[in-house]
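Each chain, written out:
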Amino acid sequence: MRLSSLGRRIKYHPLIQVLGRNKGNPRTLVLIEPLWGIPYNLIAPFATLYMYTQGVTDVQIGTILSITMVIQVFFSFFAGILADKLGRKFTTMMGDFFGWALACLVWSVSHNFWLFLLAAILNCFEQINQTAWYCLLIEDAQPTDLVGLYTWVSIGGLVAIFFAPLSGLLVNAYSVVPVVRVLYVLFSLTMLTKSLITLKFCKETKQGQIRRAETKGVSVFHMLGEYRHLIPKLLRDKGVLKAVAVSVILYITNMVSTNFFSLYVTQRLGLSENVLALFPILNAAVMLVFMVGIQHRLSSTRFRAPLWVGLGLYCVAAVVLILSPADSLGFVLVYVFVAAVAAALVNPRKDALLQLNIDVQERARLNALIMASTILLSSPFGYLAGWLSSLDRRLPFAFTFLLFAAAMVVVGRIKEPQVGENTP
């Protein structure tokens, strides 16, 4: 009886129902997301240390971030055009291949600043993938299920919780560099597999078919010129601008945390490199529990309150990390726990909020324009974060505290979107 009851609870869990209502592209993309999420989360705690161990300095790490952000802006402008002309499906596959499969091969053999820069530039193709991938995910989905789908995307990336201890054990046994090299090769293979699955099981969206027909015979340069009409339209939409402002702030803070957290806890707090793998495990565990057990109890059509609370928790987490004494693992664990709850609240909602505010007819190009703007506005902060870290490794996280506080002010001025079955 208990097993039968458990089975019914799982079957009728709101997240399972979301996948049941959204077959085809949404389900396929959600189910294959671990092919990206597992290797990425295995490597992420050691990626910056991998560079640093091979002689790449804090400032050079920040320089790579800023240079690649400028290139990402260029790719982002063309992402929407390619998604319209080539289709969401093919553009997604192209971005996965060049932006991840090929880039990871270069990362696997990198040993100096220039090779790391080359790999990061190849990874910029991922910006082409992002625009098309989001369209492929949501264009044929039900609007009321957007938060649920973005929650599934986050869960897919968190499946690495079951594999993360392996990277820590391997680093302990063989050191950072050889382990990360092998992981990058495996990452390349999983992304190649992901591209082939997308080819076989996904199909072009209805809106993608419409845009391919409309843009057939229209030159890329003509479509690029049409941005002069889209940009003023975007600037006049206050709802979109506020959602973009929140996305830009979170993009910057994520960049800072991803690239400087490992250096902070190892170089300033004196924690062992071996414990780095522990932090993504805790982060993933907290987020999974929250998303599976609590997320569905919150309204999928209300955004302001959960976003505001999540940003407030991010502020608390930053303060905890800044005040952490040396050799204090407990403080860092509290930081990871609080930041994980904040991410579970914020990430699905900020993505859904943005998609609900943009014009469905121009979703690809507007998404590309928004992504380009996000990267352009964020690009100076990679170098700034590296410079701040070179002065005092606490300063990048003090900076994120100020950014999270600013985002709270913006969210307080956002109007709740009207979400219904026919909402774009």
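Residues numbered from 1 in each chain as written. Predicted model: local features only at pLDDT ≥ 70, side-chain atom pairs only at ≥ 80, totals over all residues. Heavy atoms only, no water.

## A short note on the nonpolar core
1) Next: With 132 residues, the main nonpolar core has Phe-261, Val-265, Leu-311 and Tyr-314 as its most contacted residues.
2) Next: Top element by residues in this core is helix α18 (residues 329-357). It accounts for 16 residues.
3) Next: In this view, Tyr-314 contacts Leu-250, Ala-339, Ala-342, Ala-343, Val-346, Asn-347 and Phe-404; residues no more than four positions away in its chain are not counted. (Core = buried A, V, L, I, M, F, W, Y, C linked by side-chain atoms within 4.5 Å. Buried < 20%, exposed > 50% of the residue type's maximum accessible area, 1.4 Å probe, protein only. Helix = DSSP H or I, 4+ residues; strand = E, 2+ residues; numbered from the N terminus. Contact = heavy atoms within 4.5 Å.)

## Some remarks on helix α12 (residues 206-215)
1) Next: Here α12 has its buried residues at Gln-207, Gly-208, Arg-211 and Thr-215. For α12, the buried positions fall inside an angular range of 100° around the axis, keeping them on one side. Exposed and oriented more than 90 degrees from the buried face of α12 are Lys-206 and Ala-213.
2) Next: Against α5 (58-86), α6 (88-109), α13 (220-225) and α19 (363-378) lie the buried residues of α12. (Arc of directions from axis to C-beta.)

## Overview of the pattern of salt bridges
1) Next: Considering all chains together, one arrives at nine salt bridges under this definition.
2) Next: The shortest N-O distance in the salt bridge between Asp-84 and Arg-211 comes to 3.1 Å. Taken together, the residues span a long stretch of sequence, with Asp-84 in helix α5 and Arg-211 in helix α12 at a distance of 127 residues. For the pair shown, Asp-84 and Arg-211 are each scored as buried.
3) Next: Asp-96 serves as the salt-bridge partner of Lys-194, at 3.2 Å between the closest nitrogen and oxygen. Taken together, the residues span a long stretch of sequence, with Lys-194 in helix α11 (residues 176-201) and Asp-96 in helix α6 at a distance of 98 residues.
4) Next: Accessibility expressed as a relative area gives 3% for Lys-194, which makes it buried.
5) Next: The exposure class of Asp-96 is buried, given its relative accessible area of 2%.
6) Next: The structure contains a network of salt bridges with shared partners spanning Asp-84, Arg-88, Glu-139, Arg-211 and Glu-214. (Salt bridge = Lys/Arg side-chain N within 4 Å of Asp/Glu carboxyl O.)

## Some words on helix α15 (residues 238-268)
1) Next: Across its 31 residues, α15 extends 42 Å between first and last C-alpha, which sits within 8% of the 45 Å expected from 1.5 Å per residue.
2) Next: Taken as a whole, α15 carries its principal kink of about 45° at Phe-260.
3) Next: Of the residues flanking the start of α15, the one acting as N-cap is Asp-237, its side-chain oxygen 3.2 Å from the backbone nitrogen of Val-240.
4) Next: Looking one or two places after α15, you find Gly-270, whose phi comes out positive at around 80°. (Expected span 1.5 Å × (residues − 1). Bend = angle between axes of the 7 residues up to and from the residue. Polar contact = N/O pair within 3.5 Å; in protein donor to acceptor, adjacent residues only side chain to side chain.)

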